[in-house]
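# Architecture and fold: a report
Chain residues, written in single-letter form:
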Amino acid sequence: MLNSYFLPIQKNKSEILRSIRLVKARLVHFEAINSYIKQLQSEMKSESGLLIFLRSYSIQQKEIVYIIFKKIYPHLKNLSSVLTLSRSGTVLEILKLWHQKNKNIRVVVCESRPKFEGRLMAKELAAIGIKVELITDAMLGLFIPKVDAGIIGADIVLSTGNVVNKVGSKALALLCREYKKPLFVVTTQSKLSKKKVFKPKKENPKELFEKKSKNLAISNIYFEEIDKKFITKIFME
């Protein structure tokens, strides 16, 4: 998504630099974004270098997604429904490619609190003709028995093989195991990390509840770690 934003403003260097500062301040925990920003900054020394990078990166990402799809498709071709949560660009593109081969697929999307990124995911999928059902995160247990598999992206793949993704992913993983449903992770090699440990970070509590109370503690955590033993398979390029 960053690359799509930068392409139309490629000549506006001040806006690109401003955006880079914002990204570094707010999205430093994303391995793929850190890698992308490093490459972008190295190409900003010349206008032509920046344009070539932005265009080639866009093409490269499409190729990567297609490679991932070819790997996961043998596991999807006999399925008809999956459940996902939040919004993953890689998951979105994989589902688009799957829909091209099977117009009858059905996708259940958890809205993913507190930022509700799943709503955006559901809207994008529905817009291209995919049958989508949007549910709350708390309804996971009701819907896992009704789908064939779970599918998520990854914000980080730790060196241990564990995956870090939007909170709710662990509950999905545990429910998939309980109901004997496969859980697939689709992500890119840019998400690979040398880190072995992930420490969850508390975000703004007001996103959940604005009222204060002497005996009320509010925890707002965006990301959590999913043990590799709960993941059926991770697909990368």
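Structural data are supplied above this passage.
Residues numbered from 1 in each chain as written. Predicted model: local features only at pLDDT ≥ 70, side-chain atom pairs only at ≥ 80, totals over all residues. Heavy atoms only, no water.

Our focus in this paragraph is the sheet that holds strand β5 (residues 156-157). Spatially, the three strands line up as an open sheet ordered β5-β6-β8, and their pairing is antiparallel. Every other strand in the sheet has two partners, leaving β5 and β8 (223-226) as the edge strands with one partner each. Looking at chain direction, β5 and strand β6 (residues 163-166) are connected through two bridges and run antiparallel. Residue pairing in the sheet places V157 in a bridge with V163 of β6. Running at roughly 30° to β8, helix α8 (residues 169-178) makes contact with β6 and β8 of the sheet. (Pairing = 2+ DSSP bridges. Helix = DSSP H or I, 4+ residues; strand = E, 2+ residues; numbered from the N terminus. Contact = heavy atoms within 4.5 Å. Axes fitted to C-alpha atoms, helices over the stretch in contact; angles between N-to-C directions.)

What follows deals with the pairing of strand β7 (residues 183-186). Side chains of β7 alternate between two faces, with L183 and V185 and F184 and V186 buried alike. Alignment of strand β4 (residues 149-152) against β7, held across three bridges, turns out to be parallel. Looking at the pairing, G150 lines up with L183 of β7. (Buried < 20%, exposed > 50% of the residue type's maximum accessible area, 1.4 Å probe, protein only.)

What follows covers helix α4 (residues 47-76). Look at α4: 42 Å from first C-alpha to last across 30 residues, which is about the 44 Å you get at 1.5 Å a residue. G49, L50, F53, L54, Y57, I64, V65, I68, F69, I72 and L76 are the residues of α4 that are buried. (Expected span 1.5 Å × (residues − 1).)

Time to look at the packing of aromatic side chains. Scanning all chains against the criterion turns up seven aromatic pairs. Pairing Y36 with F53 gives two aromatic rings, centres 5.6 Å apart and planes at 40°, and the pair type is tilted. A residue pair is termed long-range when its members are at least 10 positions apart, and Y36 in helix α3 (residues 31-43) and F53 in helix α4 qualify at 17 residues. Assessed through its relative accessible area of 3%, Y36 is described here as buried. With relative accessibility at 8%, the residue F53 sits in the buried group. Centre to centre, the rings of Y222 and F223 are 6.4 Å apart; their planes meet at 75°, and the pair counts as edge-to-face. As far as the burial class goes, Y222 and F223 line up, both buried. Through pairs of rings, three or more aromatic residues link up here, namely F6, Y36, F53 and Y57. The ring of Y73 has K101 lying over it, and the distance from NZ or CZ to the ring centre is 5.2 Å. The ring of F143 has K146 sitting right over it, with the charged end atom 4.6 Å from the ring centre. (Phe/Tyr/Trp six-rings, centres within 6.5 Å; stacked < 30°, edge-to-face > 60°. Lys NZ or Arg CZ within 6 Å of the ring centre and 35° of its normal.)

This paragraph deals with the sheet that holds β4. The strand order across the open sheet built from six strands is β3-β2-β1-β4-β7-β9, with neighbouring strands paired in parallel fashion. Each edge of the open sheet carries a strand with a single partner, namely β3 (131-135) and β9 (233-235). Pairwise comparison of adjacent strand axes, ignoring direction, gives a mean angle of 25° for this sheet. Against the sheet, helix α5 (residues 89-101) engages β1 (81-85), β2 (106-110), β4 and β7, with an angle of about 165° to β1.

This part takes up the side chain of N165. By the secondary structure assignment, N165 is in strand β6. In terms of polar contacts, N165 uses its side chain to reach the side chain of S169, at 2.9 Å. For N165, the contacting residues outside a window of four places in its chain are L85, I152, G153, A154, D155, Y222, F223, E224 and I226. (Polar contact = N/O pair within 3.5 Å; in protein donor to acceptor, adjacent residues only side chain to side chain.)

Before going further, it helps to spend a moment on the nonpolar core. As a rule of thumb, soluble globular proteins bury nonpolar side chains together. With 26 residues, the main nonpolar core has I72, I94 and L95 as its most contacted residues. Breaking this core down by element, the ones donating at least two residues are α4, α5, β2, α6 (117-127), β4 and β7. If near-sequence neighbours (up to four positions away) are discounted, I94 is found in contact with V65, I68, F69, I72, L76, I151 and V186. (Core = buried A, V, L, I, M, F, W, Y, C linked by side-chain atoms within 4.5 Å.)

So, about α8. The set of residues buried in α8 consists of S169, L172, A173, L175 and C176. In a view along the axis of α8, the buried residues occupy a sector of 170°, so they form one face of it. Against the buried residues of α8 lie β1, α7 (140-143), β4, β6, β7 and β8. Immediately downstream of α8, the backbone of K180 shows phi near 55°, a positive value. (Arc of directions from axis to C-beta.)

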